[in-house]
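Examination of the molecular architecture
Take a look at the letters that make up each chain.
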There are 2 protein chains.
Amino acid sequence: MVDLALRAIAEPRRREILRLIWDAELTSGAIASHFEVTRPAISQHLRVLADAGLVSVRRQGTRRLYRARPEGLAELREFLEGFWEGRLWLLKQAAEAEERRASQGGTERT
Amino acid sequence: MVDLALRAIAEPRRREILRLIWDAELTSGAIASHFEVTRPAISQHLRVLADAGLVSVRRQGTRRLYRARPEGLAELREFLEGFWEGRLWLLKQAAEAEERRASQGGTERT
DNA sequence: GGCTTACGAAAGTGTCAACTTACAGTCTTT
DNA sequence: AAAGACTGTAAGTTGACACTTTCGTAAGCC
C-alpha cells in the first residue's frame, strides 16, 4: 500500500489534486475545473489516489465529494521517516542480499 | 530537481539501492551483485539517482564508488515535510487555479 | 603492446501509465 | 416516466521506462 502511495504522489498532477482537497471537500468536477485536462483524466487520478488510500469519497446525490485521507498520508509519512532513519532496514537488506549472492556467485571484493 | 528525486524513490529497486549505499561506498558491480537483474540495469538506476542528486560518484581507477548524497536526501525530505504542512502552498495553488479558470470558464458552484 | 577487469552507452523490446473520445450509470426534477 | 446534471468506465493511442543484449572505453597487469 505504501508503494502505491509513493507512486501516487510521484505524479505532480496528483500532488496538486491532493493539495486542493487537503482540508476541503470538493467534487470531481470542481477539482477538474482547476486543471486543463479532461474530467475523465482527473477521475482516473482520483481513483489512483483512492486505491493508495490517500483520499476518501463521500457520495451526496449525484456528486462525489473527495477529501484527503489523513490516515493514508500519515502512513506514508511514517514510512518515509523510517526510510530516512534507515539503519534497521539495512540489516534485513543485508540478510536478503547474502541469500541471493550465495545462490548466484557474484564477483565481490571486500 | 525534487520532482526527479520523488520519481526516483518511487521505484522500489532504487530505494533498495539507496539503502545499500546509505552509509557505505560500493562499486556498481558490488551493488549489482545484490540483485538479480543485469549490471547495466543497475547502472541505469544509478544514473537516475545521480541525476536526481541522490547519489554521488567517485572514480577510483577502473571502479566507480557510489554513495548516497545526504544533501539531496535532505532536500527531498524538506520538500515532503513542507508538503505535509501544506498551507503555504495552498495559496499559491489557488492563485494559479484562478488564473487557469479565468481563461477557460469552468462550471463551478460555490 | 596485448589482455583482462570494471564499467557506461547504444539500440531494441515489452509493459505500464497518462491522456483522449465515446458511452453508460445514478440521482434529482418535472 | 422522461429529461437533465454529475459522474465513472471502456477502448484506443502515445510516450515513458525498466529491462536485455551488444558494443565501446578507460585503467591495471603480463
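Above this note sits the structure.
Presented here is an overview of the structure given in this document. (Residues numbered from 1 in each chain as written. Chains lettered and ligands numbered in written order. Predicted model: local features only at pLDDT ≥ 70, side-chain atom pairs only at ≥ 80, totals over all residues. Heavy atoms only, no water.)

What about the side chain of B:His45?
Residue and element names in this part refer to chain B. For the record, the criterion: A run of H or I in DSSP becomes a helix once it reaches four residues, and a run of E becomes a strand once it reaches two; helices and strands are each numbered from the N terminus. Exposure categories follow from relative accessible area, calculated using a 1.4 Å probe and restricted to protein chains: below 20% of the type maximum is buried, above 50% is exposed, and the middle band is partly exposed. It only takes one pair of heavy atoms within 4.5 Å for two residues to be counted as in contact.
On the secondary structure map, histidine 45 appears in helix α4 (residues 39-51). Judged by relative accessible area, histidine 45 falls into the buried class, the value being 16%. Setting aside chain neighbours within four positions, we find histidine 45 in contact with Glu11, Arg13, Arg14 and Ile17.

So, the pattern of salt bridges
Convention followed: What makes a salt bridge here is a side-chain nitrogen of Lys or Arg within 4 Å of a carboxyl oxygen of Asp or Glu, nothing more.
Per the stated rule, a full pass over the model turns up 14 salt bridges over all chains. For B:Asp3, the salt bridge is made with A:Arg15, and the minimal N-O distance between the two is 2.8 Å. Highlighted residues: B:Asp3 in helix α1 (residues 2-9) and A:Arg15 in helix α2 (residues 12-20), drawn from two different chains. In this structure B:Asp3 comes out as partly exposed when scored by relative accessible area, which is 25%. A salt bridge links B:Arg58 to B:Glu25; the nearest nitrogen and oxygen atoms lie 2.8 Å apart. Remark: B:Glu25 occurs in the loop between α2 (12-20) and β1 (26-27) and B:Arg58 occurs in strand β2 (residues 55-60); sequence separation between them is 33 residues. Judged by relative accessible area, which is 30%, B:Glu25 ranks as partly exposed. Each of A:Asp3, A:Arg7 and B:Arg15 takes part in salt bridges that share partners, so that together they form one network.

Such coordinate-based values are descriptive only and should not be taken to indicate function.
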